[in-house]
Amino acid sequence: MSKGKYEVREGLMYTKDHEWIMIKDDVFTVGITDYASREMGDIAFVELPEVGKAMKKGDLLCEIESVKAVSEIRSPFDCTIKEVNKEVEDAPEALSEDPFGTWIVRLENVVDQMNLLNDKEYAKLLDSLDD
Amino acid sequence: MKKLPVDAWHQKHGKMVEFAGWEMPLWYEGIREEHLAVRNGIGAFDVSHMGEIIVSGKDALSFLQWTTTNDIKKPPPISGTYALVLNERGAIKDETLVYNMGDDTYMVVCDAVAVPKLVAHFTTLKNTIEQFSTVDLTITDKTEHMCLFSIQGPKAQQLCISLFGVDIMDMWWFQAKKIKHNGASIILSKSGYTGENGFELFFDVIKDKSDVATSLWEEILKKGEPYGIKPCGLGARDTLRIESGYTLYGHETQEKQVLSEDVDEVTPLEAGLDFAISFDKDFIGKQALLIQKERGVTYHLAHFTLLDKAIPREGDKIIKHGNVIGEITSGTKSPLTGSAIAIGRIKSGVTGMVSIEVRGTPRKARIVSPPFYDPKKYGACREVEI
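Residues numbered from 1 in each chain as written. Chains lettered and ligands numbered in written order. Predicted model: local features only at pLDDT ≥ 70, side-chain atom pairs only at ≥ 80, totals over all residues. Heavy atoms only, no water.

Chemist: Tell me about the overall build of chain B, residues and numbers included.
Modeler: Within chain B, the regular secondary structure consists of eight helices and 20 strands. Relative to the globule expectation of 21 Å for 386 residues, the C-alpha radius of gyration of chain B, 21 Å, shows essentially globular dimensions. Expressed along its principal axes, the backbone C-alpha trace of chain B runs to roughly 65 × 60 × 40 Å. Split into buried and exposed, the 386 residues of chain B put 57% on the buried side. Across chain B, contacts joining residues at least 24 apart in sequence account for 66% of those joining residues at least 6 apart. (Helix = DSSP H or I, 4+ residues; strand = E, 2+ residues; numbered from the N terminus. Rg over C-alpha atoms; globule rule 2.2 N^0.38 Å. Buried < 20%, exposed > 50% of the residue type's maximum accessible area, 1.4 Å probe, protein only. Contact = heavy atoms within 4.5 Å.)

Shown next as structure tokens:
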């Protein structure tokens, strides 16, 4: 978590709320970006949604609790929860240590993913945030 | 916003936040890593935001005896006494360390947020006395002219010996020594607020010579490398004191700040700080405490370990048998145990299991005795050598 430039992985899609999304065979795998993880600080607990639950855009996808605050991750689109990563419940520090290598939820039946950013657009967004 | 004397270093290495009017490092590498460095080896904190109020003159001792709860006459120079400043209702204005520096001079070390109010309190009292009599008393706020570095952890003593080459093996807790180091005069005090053994370095900031502070800070980190030293921010400072079960002004202790219908001020008797009161002397707030002692306290501080995975935050309600019985004052996740832990105020007599309403959801918690760590394995009284 040392200070410096934030990592942006090529080939992933991003939300403006600093989640990364990997799209494969209509399944959307979601995690938090290096920037989000470093902003949150030490992640203490993660509360995952129920598998099979239908979500509307903006519904609470999961809560990530750091030592200092609670961050709510909102669903970027209408979807269904296909899978959750139970490992982050038991070892939430993985989200601090390796945010791009640690997925949180997998979504299916996704509707309206038009607002996602590609890696270049997301890097530009990070540049515009003056730290 | 006020800046620390080695601000440039912190800006470069840490995540900065505003705290009590100061721009402070919240963390460098991460709260958990820094916390564990202090428990297992050593951590260095720049806490120069802490207040230093110098009270001096022939009447300084009797003035401080009257304005603080503990008997500060006892410890010889140079050493400190943990003492509380109370208002006339017995509520806590701040928790302080009063150092007897010798030559009728005392240094009151207080929380940054309380500096203006304590200076005003002391000055008002001095002015009141002067209405009727002469008094030999000077009150000087040196907060912005002093640096305070804190070196904490089971390896802190070894590092200080290698840094300063002075004999500190037999120092008692709160004892201090004046030392010279690279031209700077340092007050080296055996003290801290992490639960671990540790030392604090007070020294003057010489104008336009902030490089003295920077080079000492860098030297501490460099010489601490073999011991696994980490620079630590306010985040770890808070998790360490919560894990030790220690109170912090503005959270566990306070005056006139509405928290709930029943509790708006906290006295030392409610905060479990009886050890810092000397009823043998007179002091502001004593009459109120005597009345409360006779009636009995209705609220007291309690410590909680959560069975569920959620951190209670300040203001969260504590519930037993469907009734609200108190409020959380501080909460975090213990990096040592991995459990959420909290301190709060509850109605006296409640024991066992309670619920804490965290963001609308009741969470199971057990009332425990502090510290939250195993004192045989961690803290200043550990039995395990590192």
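Chemist: Describe the overall build of chain A, naming the residues involved and giving the relevant values.
Modeler: For chain A, the helix and strand inventory stands at four helices and nine strands. Order of helices (α) and strands (β) in chain A, N terminus to C terminus: β-β-β-α-β-β-β-β-β-α-α-β-α. The C-alpha radius of gyration computed for chain A amounts to 14 Å, which stays within 12% of the reference 14 Å derived for 131 residues, consistent with globular compactness. If one aligns the C-alpha atoms of chain A with their principal axes, the spans along those axes are about 40 × 30 × 20 Å. Buried residues in chain A amount to 48% of all 131 residues. Taking as baseline every contact in chain A between residues at least 6 positions apart, the subset at least 24 positions apart corresponds to 65%. When the accessible surface of chain A is summed, it comes to about 6800 Å², and 46% of that surface belongs to carbon and sulfur atoms. Computed over 16 positive and 30 negative side-chain charges, the inter-centroid distance for chain A is 4 Å. (Areas by Shrake-Rupley, 256 points an atom, 1.4 Å probe, with all protein chains shown as cover. Lys, Arg positive; Asp, Glu negative; His and termini not counted. Charge placed at Lys NZ, Arg CZ, Asp CG, Glu CD.)

Chemist: Quick rundown of the packing of aromatic side chains? Include the residues and the values.
Modeler: Aromatic rings considered in pairs are described by the distance between their centres and by the relative angle of their planes. All names here are of chain A. This model, assessed by the stated rule, comprises 14 aromatic pairs over all chains. Seen from their ring centres, Tyr-14 and Tyr-122 are 4.4 Å apart, and the 0° between their planes marks the pair as stacked. Residue Tyr-14 is located in strand S1 (residues 13-14), and its partner Tyr-122 is located in helix H4 (residues 119-128); the two are separated by 108 residues in the primary sequence. Considered together, Tyr-14 and Tyr-122 belong to a single accessibility category, that of buried residues. Sitting over the ring of Trp-103, Arg-106 keeps its end group 3.9 Å from the ring centre. (Phe/Tyr/Trp six-rings, centres within 6.5 Å; stacked < 30°, edge-to-face > 60°. Lys NZ or Arg CZ within 6 Å of the ring centre and 35° of its normal.)

Chemist: I'd like a rundown of the side chain of Lys-190 of chain B, residues and numbers included.
Modeler: Secondary-structure assignment places Lys-190 of chain B in strand S12 (residues 184-190). Looking at Lys-190 of chain B, its side chain comes within polar contact range of the main-chain oxygen of Met-171 of chain B, at 3.1 Å. (Polar contact = N/O pair within 3.5 Å; in protein donor to acceptor, adjacent residues only side chain to side chain.)

Chemist: Go over the state of the cysteines, please, and point to the residues and values.
Modeler: Counted according to the given criterion, the structure contains zero disulfides over all chains. Its sulfur unpaired, Cys-62 of chain A is 12 Å from the next cysteine sulfur, which belongs to Cys-79 of chain A. (Disulfide = S-S within 2.5 Å.)

Chemist: Run through unusual backbone geometry, naming residues and quoting values.
Modeler: Residues and elements named next belong to chain B. That bond from Pro-77 to Ile-78 is cis: its omega, -10°, falls within 30 degrees of zero. The backbone of Asp-104 sits at a positive phi, close to 55°, despite the residue not being glycine. Here Asp-104 lies in the loop between strand S7 (92-102) and strand S8 (105-110). The class for Asp-104 is partly exposed, based on a relative accessible area of 33%.

Chemist: Give me the lowdown on the domain arrangement of chain B, citing residues and values where you can.
Modeler: Residue and element names in this part refer to chain B. Each assigned domain of chain B is listed with its residue range as follows: domain 1 (2-49 + 144-242), domain 2 (51-142) and domain 3 (245-368). Distance from the C-alpha centre of domain 1 to the C-alpha centre of domain 3: 29 Å. Counting residues at the interface gives 11 residues for domain 1 and 13 residues for domain 3. When domain 1 packs against domain 3, close to 1100 Å² is buried across both sides, 64% of that on carbon and sulfur atoms. Contact with domain 3 buries surface across domain 1, with Tyr-193, Arg-241 and Ile-242 losing the most and accounting together for 59% of the total. Taken together, the links from domain 1 to domain 3 amount to one salt bridge. The partner of Arg-241 in a salt bridge is Glu-252, and the shortest N-O contact between them spans 2.9 Å. Here domain 1 and domain 3 share six residue pairs in polar contact (both at pLDDT 80 or more) between them. (Domains from an automatic or database assignment. Buried area = accessible area lost by both parts, 1.4 Å probe. Salt bridge = Lys/Arg side-chain N within 4 Å of Asp/Glu carboxyl O.)

Chemist: Talk me through the environment of Val-27 of chain A; I want residue IDs and the actual numbers.
Modeler: Residue position: Val-27 of chain A is located in strand S3 (residues 27-32). In sequence terms Val-27 of chain A and Glu-87 of chain A are 60 residues apart; their C-alpha atoms lie 19 Å from each other.

Chemist: Lay out the interface of chain A and chain B with the relevant residues and their values.
Modeler: Tallying the contact residues gives 20 residues for chain A and 26 residues for chain B. Of the roughly 1800 Å² buried between chain A and chain B on both sides combined, carbon and sulfur atoms contribute 47%. The tally of links between chain A and chain B comes to seven salt bridges. Two residues, Asp-238 of chain B and Lys-68 of chain A, come together in a salt bridge whose shortest N-O distance is 4.0 Å. Here chain A is connected to chain B by 13 residue pairs in polar contact (both at pLDDT 80 or more). Elements that contribute at least two residues to the side of chain A that touches chain B include exactly helix H1 (34-40), strand S4 (43-47), strand S6 (60-66) and helix H2 (86-90) of chain A. Classifying every residue of the side of chain A that touches chain B gives eight nonpolar, two polar and 10 charged. (Nonpolar A, V, L, I, M, F, W, Y, C, P; charged D, E, K, R; others polar.)

Chemist: Describe helix H7 (residues 234-243) of chain B, and please don't skip the residues or the numbers.
Modeler: Residue and element names in this part refer to chain B. In terms of burial, H7 is a largely internal element, nine of the 10 residues being buried. Within the span of H7, buried status applies to Leu-234, Gly-235, Ala-236, Arg-237, Thr-239, Leu-240, Arg-241, Ile-242 and Glu-243. One or two positions beyond H7, positive phi appears at Gly-245, with a value near 80°.

Chemist: Provide a residue-level description of the confidence of the model for chain B, including the pertinent values.
Modeler: For chain B, the mean per-residue pLDDT works out to 94, and 97% of the residues sit at or above 70. Here residues 257-263 of chain B is a poorly scored stretch, pLDDT under 50, and it has 10 contacts once near neighbours within four places are set aside; other chains count. (pLDDT = per-residue confidence, 0-100.)

Chemist: Describe in detail the packing of helix H2 (residues 31-40) of chain B against H7 of chain B, supporting the description with residues and values.
Modeler: All names here are of chain B. Contact geometry for H2 and H7: axes closest at 8 Å, N-to-C directions at 55°. Of the possible angle classes, the one that applies to H2 and H7 is oblique. In this structure, H2 crosses over H7, and the sense of that crossing is right-handed. Facing H2, whose interface residues are Ile-31, Glu-34, His-35, Val-38 and Arg-39, H7 presents Gly-235, Ala-236, Thr-239, Leu-240 and Glu-243. Grouping the constituent residues of the contact of H2 with H7 by class yields four nonpolar, three polar and three charged. (Axes fitted to C-alpha atoms, helices over the stretch in contact; angles between N-to-C directions. Parallel < 35°, antiparallel > 145°, perpendicular 65-115°, else oblique. Left-handed = near helix turned anticlockwise from the far one by under 90°.)

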